[in-house]
Amino acid sequence: MEILNSKIFGENLSSTPLLVFHGLFGMLDNWGSFGKDLGEFLPVHLIDLRNHGRSFHCENMSHDDLADDIANYMDHYGMGKAFVLGHSLGGKAVMQFAIKYPEKVEKLIVVDISPKAYPPHHQGIIKALETVDFNTVGSRSEVEAVLSQYIPERSTIQFLTKNLYWDENKKLNWRFNLKTLSEKYNEFVSNAIKYGVFDGETLFIAGEKSNYILPQDHFAIKQQFPKAQFVIIKNAAHWVQADNPVDFMTVVKDFLQIH
C-alpha cells in the first residue's frame, strides 16, 4: 500500500493535526506559507493527492480512492482523529472521507467546492497541457509559451508550471499524472460524491468572486453535512487561500479555535 507524500509543519506539537489537500493540478507546495504559519499552533500535514506532486501515480482516481488514501495516511502516521481541509478536488476528497470514515474526523473544512457533480470545465487546460511536447521544449519559458496559446490567465499558467521538473532522462516533465487525470476526469469532477451523512462540525468557505458554491447549493449540502456553516471570503475567487490569505487564515483559526 502506497502512502501519500507530505510535508509536515509543527511535527512536535501534541495537538490534533490538520491535514490539507490541494486541488486539481495542484501540489502541497501551493499551501506552503499557510502550513508554515499554522504549524506554529498545531501539526499541519500538507499532502499531495495521488497522481499529483510527489505522490504515487495510479490509474484509479475516484472519490472513494482518494478517501481511502487519506485513511491509509492517517493509519500510517498513527492518527486517531484529525482536522481535515480540502480545496476544490481536495474538497471532494475530504467530503467523501468524512462520510466514509466519520470517526477519523474532528472537524471538516471544505474550500470552494460543493458535493455536487460539476459539468466538465477544464478541457482548455487539459488540451493545453497535452499540447506540450517535452521532446521539443527544453525550458520553462518554452512551456509557458505553448500554454499561453490556450490559456489567457497568466496566474493559471504559473500555477501549472509549478509542476514542471527535470526527470531522470534530463527532460522536463509534469509531476502530475496527466494521462490518468485526463482519462478519469469525469469520474472525479462530473460525479457528485456518494450519498451519505457526516454529522460533525463542518465549514464551507467560498470565494466571493467564485461560482463553485452557489446559495442554491446550501440546501443539498445540509442534507449531507447537517452542521455545515458557510463563510464567504471577500476579494477572493476560486483560489481563496491565495487571493485573500489573511481573511482565510482568520476564518480557519476561528473554526478550529486556535488563538
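Rules behind the numbers
- Residues numbered from 1 in each chain as written.
- Predicted model: local features only at pLDDT ≥ 70, side-chain atom pairs only at ≥ 80, totals over all residues.
- Heavy atoms only, no water.
- Helix = DSSP H or I, 4+ residues; strand = E, 2+ residues; numbered from the N terminus.
- Expected span 1.5 Å × (residues − 1).
- Buried < 20%, exposed > 50% of the residue type's maximum accessible area, 1.4 Å probe, protein only.
- Contact = heavy atoms within 4.5 Å.
- Pairing = 2+ DSSP bridges.
- Axes fitted to C-alpha atoms, helices over the stretch in contact; angles between N-to-C directions.
- Core = buried A, V, L, I, M, F, W, Y, C linked by side-chain atoms within 4.5 Å.
- Phe/Tyr/Trp six-rings, centres within 6.5 Å; stacked < 30°, edge-to-face > 60°.
- Right-handed = clockwise from strand over helix to strand, strands pointing away.

Q: Even after reading the chapter, I still don't get helix α11 (residues 245–256), so can you show me in this structure?
A: With twelve residues, α11 should reach 16 Å at 1.5 Å per residue; the first-to-last C-alpha distance of 16 Å fits that figure. The first or second residue beyond α11 is Q257, which carries a positive phi of 55°.

Q: Got a minute to help me understand the environment of K171 in this structure?
A: Within the secondary structure, K171 sits in the loop between β6 (164–166) and β7 (172–174). Given the relative accessible area of 35%, K171 is considered partly exposed. Taking the C-alpha atoms as reference points, K171 and E40, 131 residues apart in sequence, are found 38 Å from one another. Excluding anything up to four places from it in sequence, K171 contacts F134, N135, Y165 and W166.

Q: Got a minute to help me understand the environment of G23 in this structure?
A: Mapping G23 onto the fold places it in the loop between β2 (18–21) and α1 (32–38). Considered as a pair, G23 and N72 are 49 residues apart in the sequence and their alpha carbons are 20 Å apart. Residue contacts for G23: discarding those within four places in its chain leaves H52, H87, S88, L89 and G90.

Q: I keep staring at the sheet that holds strand β1 (residues 6–9) and nothing clicks. Help me out?
A: Hydrogen bonds between backbone groups are what pair the strands of a sheet, and the pairing can be parallel or antiparallel. Strand order in the open sheet made by the seven strands is β1-β3-β2-β4-β5-β8-β9, with mixed pairing throughout. The sheet is open, and its two borders are formed by β1 and β9 (228–233), each paired with just one other strand. The mean angle between the axes of side-by-side strands here comes to 20°, regardless of whether they run parallel or antiparallel. Where strand β8 (residues 202–207) meets β9, six bridges bridge the pair, whose relative direction is parallel. What sits directly across from A206, in β9, is I232.

Q: How should the nonpolar core be read in this particular structure?
A: Side chains that are nonpolar tend, in soluble globular proteins, to be buried together. The biggest cluster of nonpolar side chains holds 63 residues, and the ones touching the most others in it are F25, L147, W174 and F225. Setting aside residues up to four positions removed in sequence, F225 forms contacts with M95, I99, L108, P115, I193, F198, T202 and F204. By size, the runner-up hydrophobic cluster in this structure holds 26 residues, among which are L28, W31, F34 and L42.

Q: When you look at the packing of aromatic side chains in this model, what are you seeing that I'm missing?
A: Given two aromatic rings, one states the distance between the centres and the angle between the planes to describe the pair. Inspection of the entire model under this criterion finds 14 aromatic pairs. Consider the rings of Y118 and Y212, whose centres lie 5.5 Å apart with planes at 40°: the pair is tilted. With a gap of 94 residues between them, Y118 in the loop between β5 (105–111) and α4 (123–131) and Y212 in the loop between β8 and α9 (218–224) connect regions that are remote in the sequence. You'll find Y118 and Y212 in the same group, each marked buried.

Q: Is there a simple way to explain the pairing of β2 in this structure?
A: On any regular strand, side chains alternate: one points to one face of the sheet, the next to the other face. Going residue by residue along β2, you find L18 and V20 tucked away on one face and L19 and F21 tucked away on the opposite face as well. Across four bridges, β2 lies against strand β3 (residues 44–47) in parallel orientation. Each residue of the ladder has a partner; that of V20, found in β3, is L46. Once the chain exits β2 it traverses α1 before rejoining the sheet at β3, and the crossover so formed is right-handed. Where β2 lies against strand β4 (residues 82–87), four bridges are found, and the strand directions are parallel.

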